[in-house]
Amino acid sequence: MSMMKGYYASFLIAGGAVLMLVQPDNWMLQVVAYGLISGGALLLQTASRWYFRASIAADAMILLTILGGTPVLGPGLIHIILSYAGDAVRWIMGCLLFCAFGAVMRVADRSAAPEWVLLAVWSVGCILPILSAVMGVNAALLEQVTSLTAVLQPLGCIALLLDAFRAQKEYIRLEVDKT
């Protein structure tokens, strides 16, 4: 049963990564994406505590996406604050997932080096918008940051998707070895 749970949980995480990749501006689908990631991570919490922490971060993203994406609050300072808070929590959620994938790799006696590289790609894509807002960059630099972010954020989602399947393979192998 645990093997199947790990199998489906990884598909939930991967499905959430796909939705984050395909419709980044649709707040309703983003809520579904974070719900899928939260559910998948919660199912795998016995594999690593990092999954449980990632589930909590995904739940926080659901709340921030609903508050920041709905027209209830309207435009203004609170919307901007929620947007940047969402960027920070999204970054943390991805970092926690990559740490969970790395923990599975270490238990399986595999190298966790790819997780660190993918974590760096994810982090740069998430941190650039936050840094540009905090530092108040000029228009030319903001345009470069925006175009770089437009490339790195989808790459980070693809990395999350691929690494979920890599960790799934090792998790299932470990579960088969236990039986």
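What counts as what
- Residues numbered from 1 in each chain as written.
- Predicted model: local features only at pLDDT ≥ 70, side-chain atom pairs only at ≥ 80, totals over all residues.
- Heavy atoms only, no water.
- Helix = DSSP H or I, 4+ residues; strand = E, 2+ residues; numbered from the N terminus.
- Rg over C-alpha atoms; globule rule 2.2 N^0.38 Å.
- Expected span 1.5 Å × (residues − 1).
- Buried < 20%, exposed > 50% of the residue type's maximum accessible area, 1.4 Å probe, protein only.
- Polar contact = N/O pair within 3.5 Å; in protein donor to acceptor, adjacent residues only side chain to side chain.
- Salt bridge = Lys/Arg side-chain N within 4 Å of Asp/Glu carboxyl O.
- pLDDT = per-residue confidence, 0-100.
- Contact = heavy atoms within 4.5 Å.
- Core = buried A, V, L, I, M, F, W, Y, C linked by side-chain atoms within 4.5 Å.
- Axes fitted to C-alpha atoms, helices over the stretch in contact; angles between N-to-C directions.
- Left-handed = near helix turned anticlockwise from the far one by under 90°.
- Nonpolar A, V, L, I, M, F, W, Y, C, P; charged D, E, K, R; others polar.

*Asks:* What is the right way to read the overall build of the chain from this model?
*Replies:* Regarding its fold elements, the chain presents 6 helices and 0 strands. Walking the chain from its N terminus toward its C terminus, one meets helices and strands in the order α-α-α-α-α-α. The globule rule puts the C-alpha radius of gyration for 179 residues at 16 Å, and the 17 Å found for the chain is close to it. Its C-alpha atoms put the chain at 55 × 35 × 25 Å along the principal axes.

*Asks:* In this structure, what is going on with helix H2 (residues 27-43)? I would like to understand it.
*Replies:* Helical geometry note: an α-helix holds 3.6 residues per turn, so side chains three or four residues apart project in the same direction. Across its 17 residues, H2 extends 24 Å between first and last C-alpha, which sits within 8% of the 24 Å expected from 1.5 Å per residue. Every buried residue belonging to H2 is among Gln30, Val31, Ala33, Tyr34, Ile37, Ser38, Gly40 and Ala41, and all of these are buried. In this structure Asn26 caps H2, since a side-chain oxygen of it lies 3.1 Å from the backbone nitrogen of Met28.

*Asks:* For this particular structure, what's the right way to read the pattern of salt bridges?
*Replies:* Summed over all chains, the structure comprises 6 salt bridges. Of the charged contacts in the structure, one is a salt bridge between Arg166 and Asp163, with a shortest N-O distance of 3.9 Å. With Arg166 and Asp163 both in helix H6 (residues 139-178), this residue pair falls 3 residues apart, about one helical turn. The exposure class of Arg166 is partly exposed, given its relative accessible area of 26%. The class for Asp163 is buried, based on a relative accessible area of 1%. With a closest N to O distance of 3.0 Å, Glu170 and Arg173 form a salt bridge. Here Glu170 and its partner Arg173 are both found in helix H6, 3 residues apart, which amounts to about one turn of the helix. Classification of Glu170 as buried rests on a relative accessible area of 3%. On the basis of relative accessibility, which here comes to 30%, the residue Arg173 falls in the partly exposed class.

*Asks:* What is the right way to look at the confidence of the model for the chain in this model?
*Replies:* Across the chain, the average pLDDT comes to 84, with 94% of residues at 70 or higher. Of all helices and strands in the chain, the one with the weakest mean pLDDT is helix H5 (residues 113-135) (80), whereas H2 scores best (92).

*Asks:* Whenever I open this one, the environment of Phe11 confuses me. Can you help?
*Replies:* Relative to the assigned elements, Phe11 resides in helix H1 (residues 2-22). According to the relative accessible area criterion, Phe11 is partly exposed, its value standing at 36%. Residues Phe11 and Ala164 lie 153 residues apart in sequence; the distance between their C-alpha atoms is 8.0 Å. Contact partners of Phe11, with chain neighbours within four places excluded, come to Phe165 and Gln168.

*Asks:* I'm lost on the nonpolar core in this one. Help?
*Replies:* Grouped burial of nonpolar side chains is what soluble globular proteins tend to show. The biggest cluster of nonpolar side chains holds 41 residues, and the ones touching the most others in it are Met20, Tyr51, Met93, Leu97, Phe101, Trp122 and Leu160. Listing elements by their share of this core, those giving two or more residues are H1, H2, helix H3 (49-69), helix H4 (77-107), H5 and H6. If you tally residues by element for this core, the top one is H4, at 11 residues. In contact with Leu97, other than residues within four places in its own chain, are Ile13, Ile37, Ala41, Tyr51, Ala54 and Leu160.

*Asks:* Help me understand the packing of H5 against H6, please; the structure alone is not making it clear to me.
*Replies:* Packed helices, taken two at a time, are described by their axes: the angle between them and the distance between them. Two numbers describe how H5 lies on H6: the axes approach to 8 Å, and their chain directions differ by 145 degrees. Our pair here, H5 against H6, has a crossing hand that is left-handed. Tallied by class, the residues present in the contact of H5 with H6 amount to 16 nonpolar, 5 polar and 3 charged.

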